[in-house]
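Each chain, letter by letter, is given below.
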Amino acid sequence: SASAVAGRANEDVRESAKSSLYQFVSEGRAITARDVHQAALGGDDYALGLIDDTAFYLGVGVSSVVHAIDPGLVVLGGAMNFGGEQCAVGRRFLKGVVDEFQRRTFSNVFEGTRIRFATLGGAAGYIGAAGIAHQDFQLQKQ
């Protein structure tokens, strides 16, 4: 989750004084996932490493879920897209997830599974709630 990325950054950045994120901790401010993303856009090696590590662990998790339920499509949503497919950091993150998934799975499973970013962004919850309300309304009319 985005909060886990921020939590790791807040805990570990003290060991990487060269990172631009170090200034947040030295000023007593908490690092957010957005801060990590901005630092990565600026080429901060620590931030990029944190994103790469997150992609690795998410790839491990995706592999486990796919082997258990074989969904065919995995959609990554929420604040964990690091700018999405329109951003170099987001593409790097997604590639890391996909690469780790590929390393941990059979070729036929990999070829039969797509991993993508969600496209609705922050509106997904509202759209889903509206859909459920609409469905409930339709059921009540019957």
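All values derive from a computational prediction rather than experimental measurement. (Residues numbered from 1 in each chain as written. Predicted model: local features only at pLDDT ≥ 70, side-chain atom pairs only at ≥ 80, totals over all residues. Heavy atoms only, no water.)

Undergrad: How would you explain the pattern of salt bridges if you had to name every residue and give the values?
TA: All chains considered together, the criterion is met by six salt bridges. K95 is paired through a salt bridge with D99; the nearest N and O atoms lie 2.6 Å apart. Of the two residues, K95 and D99 both sit in helix 5 (residues 88–103), four residues apart, roughly one turn of that helix. The exposure class of K95 is exposed, given its relative accessible area of 52%. Given the relative accessible area of 25%, D99 is considered partly exposed. Among the salt bridges present, the one from R104 reaches E100, with a minimum N-O distance of 2.6 Å. Using a relative accessible area of 5% as the deciding quantity, one classes E100 as buried. Salt bridges sharing common partners tie together E100, R103 and R104. (Salt bridge = Lys/Arg side-chain N within 4 Å of Asp/Glu carboxyl O. Helix = DSSP H or I, 4+ residues; strand = E, 2+ residues; numbered from the N terminus. Buried < 20%, exposed > 50% of the residue type's maximum accessible area, 1.4 Å probe, protein only.)

Undergrad: Any chance you could break down helix 4 (residues 45–69) for me, citing the residues and the numbers?
TA: Over its 25 residues, helix 4 runs 36 Å from end to end, which matches the ideal 36 Å to within 8%, given 1.5 Å per residue. Among the residues of helix 4, those classed as buried are Y46, A47, L48, L50, I51, T54, A55, G59, V62, S63 and V66. Of the surrounding secondary structure, the elements contacted by the buried residues of helix 4 are helix 1 (2–12), helix 3 (33–41), strand 1 (73–76), helix 5, helix 6 (107–111) and strand 2 (114–117). Of the residues flanking the start of helix 4, the one acting as N-cap is D44, its side-chain oxygen 2.9 Å from the backbone nitrogen of Y46. A positive phi of about 45° marks D70, the residue just after helix 4. (Expected span 1.5 Å × (residues − 1). Contact = heavy atoms within 4.5 Å. Polar contact = N/O pair within 3.5 Å; in protein donor to acceptor, adjacent residues only side chain to side chain.)

Undergrad: Tell me what's going on with the pairing of strand 2, and back it up with residues and numbers.
TA: Here strand 2 shows a buried face lined by I115 and F117 and an unburied face lined by R114 and R116. Sheet topology note: the strand 1/strand 2 ladder contains four bridges and is parallel. Across the sheet, residue V75 finds its bridge partner in strand 2, namely R116. (Pairing = 2+ DSSP bridges.)

Undergrad: Explain the layout of surface pockets residue by residue, including any values.
TA: A volume near 150 Å³ is recorded for the largest pocket. In terms of lining, the largest pocket is formed by A33, R34, H37, A79, N81, F82 and G83. Split into classes, the residues belonging to the lining of the largest pocket amount to three nonpolar, three polar and one charged. (1 Å grid on protein atoms, 1.4 Å probe; cavity = no way out; pocket = protein on both sides within 12 Å on 5 of 7 lines; lining within 4 Å. Points joined across faces, edges and corners; volume = space filled by probe spheres on them. Nonpolar A, V, L, I, M, F, W, Y, C, P; charged D, E, K, R; others polar.)

Undergrad: Could you give an account of the nonpolar core, with specific residues and numbers?
TA: In this structure, L21, I31, V36, F93 and I115 are the most contacted members of the largest nonpolar core, which totals 33 residues. Those elements giving two or more residues to this core turn out to be helix 1, helix 2 (22–26), helix 3, helix 4, strand 1, helix 5 and strand 2. Aside from chain neighbours lying at most four places away, what touches I31 is A6, A9, N10, V13, L21, F24, V25 and V36. (Core = buried A, V, L, I, M, F, W, Y, C linked by side-chain atoms within 4.5 Å.)

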